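# Working through the structure, step by step
Residues per chain, in single letters:
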Amino acid sequence: DAKTTQPPSMDCAEGRAANLPCNHSTISGNEYVYWYRQIHSQGPQYIIHGLKNNETNEMASLIITEDRKSSTLILPHATLRDTAVYYCIVRPDFGNEKLTFGTGTRLTIIP
Amino acid sequence: DAGVIQSPRHEVTEMGQEVTLRCKPISGHNSLFWYRQTMMRGLELLIYFNNNVPIDDSGMPEDRFSAKMPNASFSTLKIQPSEPRDSAVYFCASSPLVGVYNEQFFGPGTRLTVL
């Protein structure tokens, strides 16, 4: 049962901001939005997570709409090393550590 | 910090053979996860442990698969007998069992090929 919907692929020019959308229209009030990415031949890597406020860390920013039905991951200055598959995941509240990965968005950074 | 360690990195075996994959989680982490990734099915959670106790094994495909965590620093995933459809990359991940959220740290994976 897919809880998130992401575009299968996107391109972004190097140095520009990459904006990756995610729809999660059935999200519950106590569910968090997580973003992971997987660079080719590596294990997934945590990027950021949020509940309802916008979040920023050294890797990215996460913008969650007020109704929480969608979010956008922003990589402010994309580099070639950001080429990866990006997964948007809705995770149940504390007590259930499962992460269910969908098909993600394959982001290609163009030189 | 060495991160999550998995061995072997690559395994090629013949159908019917027993395969054992190994994982050493990050020291101090209380949760351990086994995932399988294939082109057809993507990244799937097989089983996870909290404090060495299996919590959810609903993703384990069938009785040929078994996982153990005898102590906090070691886990195994065993396939017996192996079949060609088990060919995949198997990832182990660990996380601290604290707080409201958990960031999972993934190992480099074991690429299994069953001929």
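Preceding this paragraph is the structure being described.
Below or above, wherever it landed, is the structure these notes cover. Position labels on residues start from 1 in each chain and follow its written sequence. Going through the entries in the order they are written, you letter the chains from A and number the ligands from 1. The predicted nature of this model means local features are confined to residues of pLDDT at least 70 and side-chain atom pairs, given and counted, to a pLDDT of 80 or more, with totals for whole chains, interfaces and linings taken over all residues. The basis for every side-chain value is the complete set of non-hydrogen atoms in the structure, without hydrogens or water.

### Brief notes about the overall build of chain A
Starting at the N terminus, helices and strands are each numbered in turn, a helix being any DSSP run of H or I of at least four residues and a strand any DSSP run of E of at least two. Per the secondary structure count, chain A includes zero helices and nine strands. Element order for chain A, N to C, with α for helix and β for strand: β-β-β-β-β-β-β-β-β. Computed over C-alpha atoms, the radius of gyration of chain A comes to 13 Å, within 12% of the 13 Å expected from 2.2 N^0.38 for 111 residues, which places it in the range of a compact globule. Over its C-alpha atoms, taken along the principal directions, chain A stretches across nearly 40 × 30 × 25 Å. In this scheme, a residue with accessible area under 20% of its type's maximum is buried, one over 50% is exposed, and one in between is partly exposed, where area comes from a 1.4 Å probe on protein chains only. Counting only residues that meet the buried cut, chain A has 44% of its 111 residues in that class. Throughout, the radius of gyration refers to the C-alpha atoms, and the reference size of a globule is 2.2 Å times the residue count to the power 0.38.

### Remarks on the interface of chain B and chain A
Interfaces are often sized by the accessible area lost when the parts come together. Contact criterion: two residues are considered in contact whenever any of their non-hydrogen atoms come within 4.5 Å of each other. In this complex, chain B contributes 21 residues to the contact, which on the side of chain A involves 18 residues. For the chain B and chain A pair, buried surface summed over both sides reaches about 1700 Å², with 54% attributable to carbon and sulfur atoms. The definition of a polar contact used here is a pair of N or O atoms within 3.5 Å, where within protein one atom must be able to donate a hydrogen and the other to accept one, and adjacent residues in sequence count solely through side-chain atom pairs. Run the count over chain B and chain A and you get two residue pairs in polar contact (both at pLDDT 80 or more). Elements that contribute at least two residues to the side of chain B that touches chain A include exactly strand 4 (31-38) and strand 5 (42-50) of chain B. Each residue receives one of three labels: charged for Asp, Glu, Lys and Arg, nonpolar for Ala, Val, Leu, Ile, Met, Phe, Trp, Tyr, Cys and Pro, and polar for the others, Gly being one of them. Its residues assigned to classes, the side of chain B that touches chain A shows 11 nonpolar, eight polar and two charged. We define buried area as the total accessible area lost by two parts upon association, computed with a 1.4 Å probe and summed across both.

### Side note on the side chain of Thr13(B)
Looking at the element boundaries, Thr13(B) is found in strand 2 (residues 10-13). In this view, Thr13(B) contacts Val19(B), Ser82(B), Leu112(B), Thr113(B), Val114(B) and Leu115(B); residues no more than four positions away in its chain are not counted.

### Side note on unusual backbone geometry
Backbone torsion omega between Ser7(B) and Pro8(B) reads -10°, so that peptide bond is classified as cis. Within the secondary structure, Pro8(B) sits in the loop between strand 1 (5-7) and strand 2. Located in the positive-phi region is Arg68(A), a residue other than glycine, with phi close to 65°. As for its position among the elements, Arg68(A) is in the loop between strand 6 (61-64) and strand 7 (70-75).

### Notes on the state of the cysteines
Cysteine sulfur atoms are paired as a disulfide whenever they fall within 2.5 Å. Considering all chains together, one arrives at two disulfides over all chains under this definition. The partner cysteine of Cys22(A) in its disulfide is Cys88(A), sulfur to sulfur 2.1 Å. One disulfide, between Cys22(A) and Cys88(A), carries an S-S torsion of -80° and so falls in the left-handed class. Residue Cys22(A) is located in strand 2 (residues 18-23), and its partner Cys88(A) is located in strand 8 (residues 84-91); the two are separated by 66 residues in the primary sequence. Overall, the relative accessible area of 1% leaves Cys22(A) in the buried class. In this model, Cys23(B) is linked to Cys92(B) through a disulfide, with the two sulfur atoms separated by 1.9 Å. Taking the torsion about the sulfur-sulfur bond, which here is approximately -70°, the covalent link between Cys23(B) and Cys92(B) counts as left-handed. With a gap of 69 residues between them, Cys23(B) in strand 3 (residues 19-24) and Cys92(B) in strand 9 (residues 88-95) connect regions that are remote in the sequence. Looking at Cys23(B), the relative accessible area reads 1%, which means it is buried. On the accessibility criterion, Cys92(B) (0% relative accessible area) is buried.

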